[in-house]
Amino acid sequence: MTSEHSGAARDTTTGRALDGEPMDPATEAFVAHRNLLFTVAYEMLGSAADAEDVLQETWLRWAGVDLGAVRDRRAYLVRITTRQALARLRTLGRRKESYVGTWLPEPLLTAPDVADDVELADSVSMAMLLVMETLAPTERAVFVLREVFALEYEEIAGAVGKSQAAVRQIAHRARAHVAARRPRGSVSTGETRVALDAFQRAATTGDLRALLDVLAPDVVLMGDGGGIKQAVLRPVRGADKVARLLIAGLARTPAASLRPTRVNGHPALVLHLDDEVDTVVAVRIEEGRISGLYAVRNPEKLSYMRDETVLSRRTT
């Protein structure tokens, strides 16, 4: 694996440049924390492409830092990343205002080990990222740094440019806001897979009754075509409406196939058309039934479904 943000190409496994030379201390520190920094940026932005841009900006600033004056390199890098992500989050907010239809987070093909970290998997689920979309930028940053990465209030204060007292208040407010909107109760990977298997069978066979059985009565379907691909422009609510819409849509594309995959740490489905990824379908499960369907069709958001993305709360 090579780092794209450290100047010359480098092997992040051996810690050496591809020409065999050791990394300089700044590059070594950045590479060691890169996966963590990407995860911070992605959780704040919901966009992998923007998270990569934030890492590029973080590297450029980090490369000019006097390492002798840095007491905690991890904290310093997280601070730079957070500030860059906050600036990008405000720009992204303006971009979303002119977005065609519903904006959904960019899905990531993730390795099975992401699911092993239950808190991380929960925090990057499509449902949770949408909940975090309802937070103000600083609230989102504080929530991510405190609740997901367990940073101390002093570190968070330095990252967001607020006093510790203010950060504590923001954290309390953000925590209450998220708790009121997040999915009720934890759902195991096994439960999610069972529901998805039933959904896949019913949808591909056109079995309306079976599809209604796996959908919660108040299920919500959200689609993101970005104005490029056809998708529902507004959320569709109710099991009957959602089921009939899905069956009709699949009937119009008989060559399409639904295949299981793992998106953002959770089981999901990918609709392939002519062996190309056409739609990523992530779900929200509550009490054994699907209560939320998130269908991402915008091709500009599907590039991270080709290769697994490493997400981590730890330093490599």
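Predicted, not measured: the structure shown is a model, and the values here were computed from it.

(A) Spotlight on unusual backbone geometry. Even without glycine at this site, A150 takes up a positive phi of about 55 degrees. If you trace the backbone, A150 turns up in the loop between helix 7 (137–148) and helix 8 (153–160).

(B) Representation of the environment of L135 within the structure. One can find L135 in the loop between helix 6 (126–132) and helix 7. A sequence separation of 39 residues divides L135 from A174, and the C-alpha atoms of the two residues are 7.0 Å apart. Ignoring sequence-local partners within four residues, the contact set of L135 consists of R140, F143, A174, H177 and V178.

(C) Expanded view of the environment of L77. Relative to the elements of secondary structure, L77 occurs in helix 3 (residues 73–97). Looking at L77, the relative accessible area reads 0%, which means it is buried. Put simply, L77 and L55 are 22 residues apart on the chain and 9.8 Å apart in space, counted from C-alpha to C-alpha. With near-sequence residues (within four places) excluded, L77 lies in contact with A29, F30, H33, L37, T58 and W62.

(D) Representation of the sheet that holds strand 4 (residues 236–237). Spatially, 6 strands are ordered 4-3-8-7-6-5 in an open sheet, and the strand pairing comes out mixed. The open sheet terminates on both sides in strands that have one partner only, identified here as strand 4 and strand 5 (257–263). Relative to strand 6 (residues 266–273), strand 5 is paired through 7 bridges, and the arrangement is antiparallel. Following the sheet pairing, L258 is matched in strand 6 by L271.

(E) Expanded view of helix 3. Taking 1.5 Å of rise per residue, 25 residues should cover 36 Å, and helix 3 covers 36 Å from first to last C-alpha, within 8% of that figure. Here helix 3 starts with a cap whose side-chain oxygen sits 3.1 Å from the backbone nitrogen of R74, and that cap is D72.

(F) Spatial organisation of the side chain of D278. Residue placement: D278 occurs in strand 7 (residues 276–286). Here the side chain of D278 touches K229 through a polar contact of 3.3 Å, side chain to side chain.

(G) Representation of helix 12 (residues 239–251) within the structure. If you check helix 12, its first and last C-alpha atoms are 18 Å apart, about what 13 residues at 1.5 Å a residue would give, namely 18 Å. Within helix 12, the full set of buried residues consists of A239, V242, A243, L246, I247 and L250. Seen along its axis, helix 12 keeps its buried residues to an arc of 125 degrees; they face one direction. Within helix 12, the exposed residues directed more than 90 degrees away from the buried face are K241 and A251.

(H) The arrangement of a negative patch on the surface in detail. A cluster of acidic residues, D113, D116, D307 and E308, forms a negative patch on the protein surface. On the secondary structure map, D307 appears in the segment after strand 8 (289–296). Residue class for D307 comes out exposed when judged on its relative accessible area of 58%.

The rules behind each value
Residues numbered from 1 in each chain as written. Predicted model: local features only at pLDDT ≥ 70, side-chain atom pairs only at ≥ 80, totals over all residues. Heavy atoms only, no water. Helix = DSSP H or I, 4+ residues; strand = E, 2+ residues; numbered from the N terminus. Contact = heavy atoms within 4.5 Å. Buried < 20%, exposed > 50% of the residue type's maximum accessible area, 1.4 Å probe, protein only. Pairing = 2+ DSSP bridges. Expected span 1.5 Å × (residues − 1). Polar contact = N/O pair within 3.5 Å; in protein donor to acceptor, adjacent residues only side chain to side chain. Arc of directions from axis to C-beta. Patch = residues over 30% accessible without salt bridge, like charges linked within 9 Å, V, L, I, M, F, W, Y side chains within 5 Å. Areas by Shrake-Rupley, 256 points an atom, 1.4 Å probe, with all protein chains shown as cover. Salt bridge = Lys/Arg side-chain N within 4 Å of Asp/Glu carboxyl O. Lys, Arg positive; Asp, Glu negative; His and termini not counted. Charge placed at Lys NZ, Arg CZ, Asp CG, Glu CD.

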